[in-house]
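Examining the three-dimensional arrangement
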Amino acid sequence: MCGIVGYLGGRDVYDILIKGLHRLEYRGYDSAGVALETPEGKLNVYKAMGKVSNLEAFCRDKDLRASVGIAHTRWATHGEPSDNNAHPHYSEDGNLALVHNGTIENYKVLKDALMQHGVSFHTETDTEVLVQLIEYIKLTNGCTLIEAVREALGQVQGAYAIAVLEKGHPEQIVAARKSSPLVIGIGEDEFFLASDATPFVEYTKEAVYVKDDEIAVMRRGEPLRLLNLKNEETTVDVTELNLSISQLEKGGYPHFMLKEIFEQPATLHDCLRGRVVEHGRRIVLAGVMDNEDKFRAAKRIVIVACGTSWHAGLLGKYLIQELCHLPVEVEYASEFRYNNPVIGPDDIVIAISQSGETADTLAAIQIARQKGAFVYGISNVVGSSIPRETHSGTYIHVGPEIGVASTKAFTGQVLVLTLLALAVGHLRGTVSDQQVAELGGWILRLPTLVKEVLKLDKKIKHLSAIYTYARNFLYLGRGYNYPTALEGALKLKEISYIHAEGYPAAEMKHGPIALIDADMPSVIVAPSDHLYDKIVSNVQQVKARGGSIIAIVSKGDTEISKIADHVLEVPVVPECLTPIITSIPMQLLSYYIAINKGKDVDMPRNLAKSVTVE
Ligand code: M6R
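Residues numbered from 1 in each chain as written. Predicted model: local features only at pLDDT ≥ 70, side-chain atom pairs only at ≥ 80, totals over all residues. Heavy atoms only, no water.

This paragraph deals with the overall build of the protein chain. Assigned secondary structure in the protein chain consists of 20 helices and 26 strands. Here the C-alpha radius of gyration of the protein chain, 26 Å, is about what a compact globule of 614 residues would show, namely 25 Å. Each of the three principal axes of the protein chain carries a C-alpha extent, and together these read 80 × 55 × 45 Å. Among the 614 residues that make up the protein chain, the fraction classed as buried is 61%. Of the contacts formed within the protein chain by residues at least 6 apart in sequence, a portion of 71% connects residues at least 24 apart. On the protein chain, roughly 22900 Å² of surface is accessible, and the fraction owed to carbon and sulfur atoms is 50%. Of note, the protein chain has its 61 positive side-chain charges centred 4 Å away from the centre of its 75 negative side-chain charges. (Helix = DSSP H or I, 4+ residues; strand = E, 2+ residues; numbered from the N terminus. Rg over C-alpha atoms; globule rule 2.2 N^0.38 Å. Buried < 20%, exposed > 50% of the residue type's maximum accessible area, 1.4 Å probe, protein only. Contact = heavy atoms within 4.5 Å. Areas by Shrake-Rupley, 256 points an atom, 1.4 Å probe, with all protein chains shown as cover. Lys, Arg positive; Asp, Glu negative; His and termini not counted. Charge placed at Lys NZ, Arg CZ, Asp CG, Glu CD.)

What follows is the structure, given as structure tokens:
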């Protein structure tokens, strides 16, 4: 969701900005633009609606010389996607150019006030208000750009990551952040700036994550300066990036999503590394070990997340209730933040987020902290906001997930939640040594078992052709596979645009059964577990109404295999580990159906990878 790139240094500025924008495409956007300042201090802005390639085509005959530049991919919030609303935005006199991620909540009040002072506006965006405000302050107070930025940020409410160029100052970028990510790469006499480190990973491994309410001043030939809103210098903490360029490429696969689905044996292995030791007899989760007293004393767990991460959270509830005997509530972060949550120091709040930047989840964390809860983060992106805002936590370590539809992050999140439930259960005495050893042994085998599941690829590809033109799908499951069914339905709808409902199988008869006919296929997730006999009768109910059935069952299944139209057999594993196994055929099914329909699976319409606005 919106991406910022900036560069100041001796390389080809335009080239670095465009490559950087391509790297950030996965975040989701609908227009792109670039501001280039020539060595003589002329400030040029070029923008185009649609893909970054449209911007490149537009720029072909333009003056692309530059000593410094900023660029942006916009995901429309205020005003439609258009050339005009695309960033960067000029100030009234064309002396400033600014890019912005986030939303300025009080933009209307500020805009009205500026208009009364004679400032005119040319776009529908909240961002233009910010650049006009900075210029207005600069002119009225006769101050420097840095002072004007500081004063303007003191007046805005909302979330922002910004970068500003000033005409006549080709040696400088001024940037700032609040609740929207921004990271600076430091090279030899050069600075990179981006929403995440992917645009500059091949140039430098030294990164500085800008903190909330910090203004960054990058000047050629000078060290990076960070200032807070009181104009005090703050510490520059340099982090070593652990990211490689090969992780950001497709590695021979036609799409990132397929690559990420097939990476899962390796990503699960990476997620486990050093955490399940002594042949499975011991779980080592630093975040839990460092906070044993908190986990021992907890009276309740509340999980907050959005989308796929919320589905992983729902699985976390089943796992923690079974293994730790603790009550667990799972809330959409967007609801939690506004529904007066009753939270206190006896609660542990677990916030789950692949990107670590989801605005609603971040807000939920802040509320939980204010109310005295211990907040534990489960995230993928090292150095992102959520790990920094939580008291402790665990990274899932599945590598960059570029496809907008989450796949390997989901299985990584579920695996970390499984380890957490086992570790906490052991700590609290609800899980015995023997149970840890048994489940630990199975967990160590998961990467190999997932490899086995991926052999269904050809069969699923073939199957997808039969269902490509279905207009609705039902996904049913019970127990641990109810959240998995929800996730299966989400995967299908977000990349193929087919309407799909996930439902607890037994609830079907309370309403959705009315929808079932020959045109409404059902995917039924029914591995051999303690609810198997129950789900058999749900399958029969679908069949009796003429619905076709794709069943995901355990190897050796006899009952459902006889009734279903198509059967996908997965290895037998203990019940609480089935979601990691059963979710994979559904990822592949969604992928192939979307491909058959000619959809852009890596960048589905309207979606963003990192949802940094409310
Ligand atoms: O980065 P997060 O895990 O916080 O993102 C939450 C959701 O936006 C995300 O899971 C979304 O639902 C994905 N597109 C699912 O594939």
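Following the structure, the description resumes.
A word on the domain arrangement of the protein chain. Looking at the assigned domains, one finds that the protein chain contains domain 1 (3-246), domain 2 (250-452) and domain 3 (455-601). Taken over C-alpha atoms, the centre of domain 1 sits 45 Å from the centre of domain 3. (Domains from an automatic or database assignment.)

With that settled, the discussion passes to helix 18 (residues 532-544). With 13 residues, helix 18 ought to run about 18 Å at 1.5 Å a step, and its terminal C-alpha atoms sit 19 Å apart, in line with that. If you check which residues of helix 18 are buried, you get Y532, I535, V536, N538, V539 and V542. Within helix 18, the buried residues cover an arc of 165 degrees as seen down the axis, which keeps them to one side. Among the exposed residues of helix 18, those oriented more than 90 degrees off its buried face are D533 and A544. Looking at the packing, one finds that the buried side of helix 18 touches strand 22 (472-477), strand 24 (522-526), strand 25 (549-554) and helix 19 (559-563). Two residues or fewer past helix 18, G546 is found with a positive phi of approximately 80 degrees. (Expected span 1.5 Å × (residues − 1). Arc of directions from axis to C-beta.)

Summarising burial for strand 4 (residues 68-74): 7 of the 7 residues are buried, a large majority. In strand 4, alternate side chains face the same way, and those of V68, I70, H72 and R74 on one face and G69, A71 and T73 on the other are all buried. As paired strands, strand 1 (residues 3-8) and strand 4 are joined by 6 bridges and run antiparallel to one another. The residue of strand 4 that forms the bridge with L8 is V68. Sheet topology places strand 2 (residues 31-37) next to strand 4; 7 bridges connect them, and they run antiparallel. Its bridge partner lying in strand 4, G33 is registered against H72. (Pairing = 2+ DSSP bridges.)

Taken together, 15 residues surround the ligand, and among them S309, S353, S355, T358 and E494 come closest. S355 places a polar side-chain atom, nitrogen or oxygen, 2.6 Å from an oxygen atom of the ligand. In the environment of the ligand, an oxygen atom lies 3.0 Å from a nitrogen or oxygen atom belonging to the side chain of K491. Relative to its free-state accessible area of 410 Å², the ligand is covered by the protein chains to the extent of 91%. Within the residue set of the shell around the ligand, elements represented by two or more residues are helix 10 (307-324) and helix 17 (481-496). Classifying every residue of the shell around the ligand gives 5 nonpolar, 8 polar and 2 charged. (Near = heavy atom within 4 Å. Polar contact = N/O pair within 3.5 Å; in protein donor to acceptor, adjacent residues only side chain to side chain. Nonpolar A, V, L, I, M, F, W, Y, C, P; charged D, E, K, R; others polar.)

Looking now at the side chain of T612. By secondary structure assignment, the location of T612 is in the segment after helix 20 (578-596). Judged by relative accessible area, T612 falls into the buried class, the value being 3%. Apart from residues lying up to four places away in sequence, T612 is in contact with M1, R27, S180, P181, E357 and A359.

Core analysis: the biggest nonpolar cluster contains 92 residues, and V288, I320, I350, Y376, I443, F473 and Y475 have the highest contact counts within it. No other element matches the 13 residues that helix 14 (residues 408-428) contributes to this core. Split by domain, this core shows at least three residues from each of two domains, domain 2 (250-452) and domain 3 (455-601). Those residues in contact with Y475 that sit more than four places away from it in its chain are A485, G488, A489, L492, A500, E501, G502, Y503, V523, M586 and L589. (Core = buried A, V, L, I, M, F, W, Y, C linked by side-chain atoms within 4.5 Å.)

If you walk across this open sheet you meet the 6 strands as 5-6-7-8-12-13, and the pairing is antiparallel. Among the strands making up the open sheet, the edge pair consists of strand 5 (89-90) and strand 13 (225-228). Looking at chain direction, strand 5 and strand 6 (residues 96-101) are connected through 2 bridges and run antiparallel. Following the sheet pairing, Y90 is matched in strand 6 by A97. The strands that helix 4 (residues 126-141) touches are strand 5, strand 6 and strand 7 (160-166); relative to strand 6, the one it contacts most, it runs at about 140 degrees. Lying over the sheet, helix 5 (residues 145-155) contacts strand 6, strand 7, strand 8 (172-178), strand 12 (214-219) and strand 13, oriented at roughly 155 degrees with respect to strand 7. (Axes fitted to C-alpha atoms, helices over the stretch in contact; angles between N-to-C directions.)

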